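Listed here are the chains, written in short residue letters.
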Amino acid sequence: MSAKARAVSVLLAPFFVLFTVVMVVPIGYAVWLSLFTEKQSGLGFGGTHTVFSGLGNYAAALGDHAFRDGFLVLLGYCALYIPLLLAGALTLALLLDSALARARRFFQLALFLPHAVPGIIAALIWVYLYTPRLSPVVNAMESGGLGFDFLSPSGALPAVVNIALWEWLGYNMVIFYAALQAVDRSVIEAATVDGAGAWRLATGIKIPLIRSSLVMVALFTVIGSLQLFTEPLILNQGSGSAVTSSWTPNMYAYTAAFARNDYGLAAASSVLLALAAALLSFFVTRLSRRSPRPGRRPPATSRPPLAHPKGRP
């Protein structure tokens, strides 16, 4: 082994050790735990013993309508949250990057501050703002004839989406703004000289040039959306909330583990959720690769050979 190869191995060793400890081992243990279940002997008066159940926990999770309904909630959440987040963060970043923007530092800080608030604290704040007869926002809406129950079955999903947007909009805006700042200014100046307006600059120049950042944010947002847990868990504690203890797959696994002490079922549902996240991430990356890249020319078509000039063979 050469000196360069040894140096590379030494530098990469801490990463692989940490990755194995915090990722591979827990996932392997979860898969192992999902293959067993706890059984009580006799009529329930004896102790419990662990038995091998194979794919029994996976069948139990998939056969439970509460677990399947959790994926429907995630589907509605992703359909509502991801487009709003990407469009809102990108719009704010483009506005800050425009020549008309003023006080950029102030607005960057103001928009990023909600992300600095821990998720549990943010959810508690919004539970207070959502609670009828307690929230000044709900009271103001009711006095204006715009009564809306954020804790009802029809209002729970928009309420959770609103909390997530409040937390993550500024964070992703900073990512897009940093990518826009890295765009070559000479390209924008040349387009401006050619007569491109603000809309054309944004849609035809800036957005295609930060496509990699868009794909990265979309991928991370998809993975984070499937892990939805903190916000609905806090809303579940609210009075009269329609958010149940198994509203999302993560909450289903949490309830199975710590309320019913069924660790095999919790591990199986967690593995199924991880597989769903991996498949969805794979499709998002494949879709981004198939879309046309900015500045990429279409394949050249075959042309007939040019005729030779007169007087030449």
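As shown above, the structure is provided for reference.
Numbering of residues begins from 1 in every chain and follows the order in which that chain's sequence is written. In view of the model being predicted, local features appear only for residues whose pLDDT reaches at least 70, and side-chain atom pairs are presented and counted only at 80 or more, with totals across whole chains, interfaces and linings using the full set of residues. Hydrogens and waters are ignored; side-chain quantities use all the structure's heavy atoms.

Trainee: Would you mind showing me how to read the overall build of the protein here?
Mentor: Looking only at helices and strands, the protein has 13 helices and two strands in total. Partly exposed residues are those whose accessible area sits between 20% and 50% of the maximum for their type, while under 20% is buried and over 50% is exposed, using a 1.4 Å probe and protein chains only. Looking at the protein as a whole, 33% of its 313 residues are labelled buried. Considering only residue pairs separated by 6 or more positions, the protein has 63% of its internal contacts joining residues 24 or more positions apart. Only the protein chains shown count as covering a residue, and every accessible area follows the Shrake-Rupley method with a 1.4 Å probe. Summing over all exposed atoms, the protein offers an accessible surface of approximately 19600 Å²; the carbon and sulfur share of this is 68%. Secondary structure elements are defined from DSSP: runs of H or I of at least 4 residues count as helices, runs of E of at least 2 residues count as strands, and each element is numbered from the N terminus. By the convention used here, residues are in contact when the closest approach between their heavy atoms is within 4.5 Å.

Trainee: Looking at this model, I keep getting lost on unusual backbone geometry. Mind explaining?
Mentor: A negative phi angle is the norm for most residues apart from glycine, just as the trans form is the norm for most peptide bonds. Non-glycine residue Arg133 carries a positive phi angle of around 60 degrees. Within the secondary structure layout, Arg133 lies in the loop between α5 (119-130) and α6 (136-143). Assessed through its relative accessible area of 76%, Arg133 is described here as exposed. Backbone geometry places Asn261, a non-glycine residue, at a positive phi of 55 degrees.

Trainee: When you look at the side chain of Ser34 in this model, what are you seeing that I'm missing?
Mentor: In this structure, Ser34 sits in the loop between α1 (3-33) and β1 (36-40). Excluding anything up to four places from it in sequence, Ser34 contacts Ser53, Gly54, Asn57, Tyr58, Gly264, Ala267 and Ala268.

Trainee: When you look at the packing of helix α4 (residues 104-116) against helix α7 (residues 156-181) in this model, what are you seeing that I'm missing?
Mentor: Axes are the key here: two packed helices are described by the angle between their axes and the distance separating the axes. Interaxial angles span 0 to 180 degrees and are taken between N-to-C directions of axes, which are lines fitted to C-alpha atoms, for helices over the stretch in contact. Interaxial distance between α4 and α7 falls to 5 Å at its minimum, and their mutual angle equals 135 degrees. Considered as vectors, α4 and α7 are oriented oblique to each other. Considering only the axes of α4 and α7, their crossing is left-handed. Where α4 abuts α7, its residues Arg104, Gln108, Leu111, Phe112, Pro114 and His115 lie against Trp166, Glu167, Trp168, Gly170, Tyr171, Met173, Val174 and Tyr177. All residues other than Ala, Val, Leu, Ile, Met, Phe, Trp, Tyr, Cys, Pro, Asp, Glu, Lys and Arg, Gly among them, are scored as polar; the first ten of these are nonpolar and the last four charged. Considered class by class, the residues forming the contact of α4 with α7 number nine nonpolar, three polar and two charged. Each angle is binned into one of four classes, with values under 35 degrees roughly parallel, values over 145 roughly antiparallel, values of 65 to 115 roughly perpendicular, and all other values oblique. Crossing handedness: left-handed means the near helix sits turned counterclockwise from the far one by under a right angle, and right-handed means the same turn made clockwise.

Trainee: For this particular structure, what's the right way to read the pattern of salt bridges?
Mentor: Oppositely charged side chains can form a pair if their charged atoms are brought close together. Any Lys or Arg side-chain nitrogen located within 4 Å of an Asp or Glu carboxyl oxygen qualifies as a salt bridge. This model, assessed by the stated rule, comprises two salt bridges. Across the pair Asp97 and Arg185 runs a salt bridge whose closest N-O atoms are separated by 3.7 Å. Of this pair, Asp97 sits in helix α3 (residues 65-97) while Arg185 sits in helix α8 (residues 185-193), and the two are 88 residues apart along the sequence. Given the relative accessible area of 6%, Asp97 is considered buried. When the shortest N-O distance is used, the salt bridge between Lys206 and Asp97 registers 2.8 Å. Placement of Lys206 in helix α9 (residues 198-209) and of Asp97 in helix α3 is noted, with a sequence separation of 109 residues between them. Residues joined in a network through salt bridges with shared partners are Asp97, Arg185 and Lys206.

Trainee: Just to check I follow, could you spell out the nonpolar core for this structure?
Mentor: Soluble, globular proteins show a tendency: their nonpolar side chains are buried together. With 33 residues, the main nonpolar core has Tyr77, Tyr81, Tyr130, Leu235 and Trp247 as its most contacted residues. Put simply, the parts of the chain that give this core at least two residues each are α3, α5, α7, α10 (211-226), α11 (230-236) and α13 (263-290). For Tyr130, the residues in contact, after removing those within four places along its chain, are Ser135, Val138, Phe150, Leu151, Ala159, Asn162, Ile163 and Leu235. By nonpolar core is meant a set of buried Ala, Val, Leu, Ile, Met, Phe, Trp, Tyr and Cys residues that side-chain atoms within 4.5 Å join together. The next biggest cluster of nonpolar side chains, apart from the first, holds 17 residues, and it includes Leu90, Phe176, Tyr177 and Val217.

Trainee: Would you explain the packing of α3 against α4 in this entry?
Mentor: Here α3 crosses α4 at 160 degrees, and the two axes come no closer than 10 Å. With respect to their mutual orientation, α3 and α4 come out roughly antiparallel. The two elements α3 and α4 cross, and the hand of that crossing is left-handed. Every residue of α4 that contacts α3 at Leu92, Leu96 and Asp97 is listed here: Arg104, Phe107, Gln108 and Leu111. Grouping the amino acids of the contact of α3 with α4 by side-chain chemistry returns four nonpolar, one polar and two charged.

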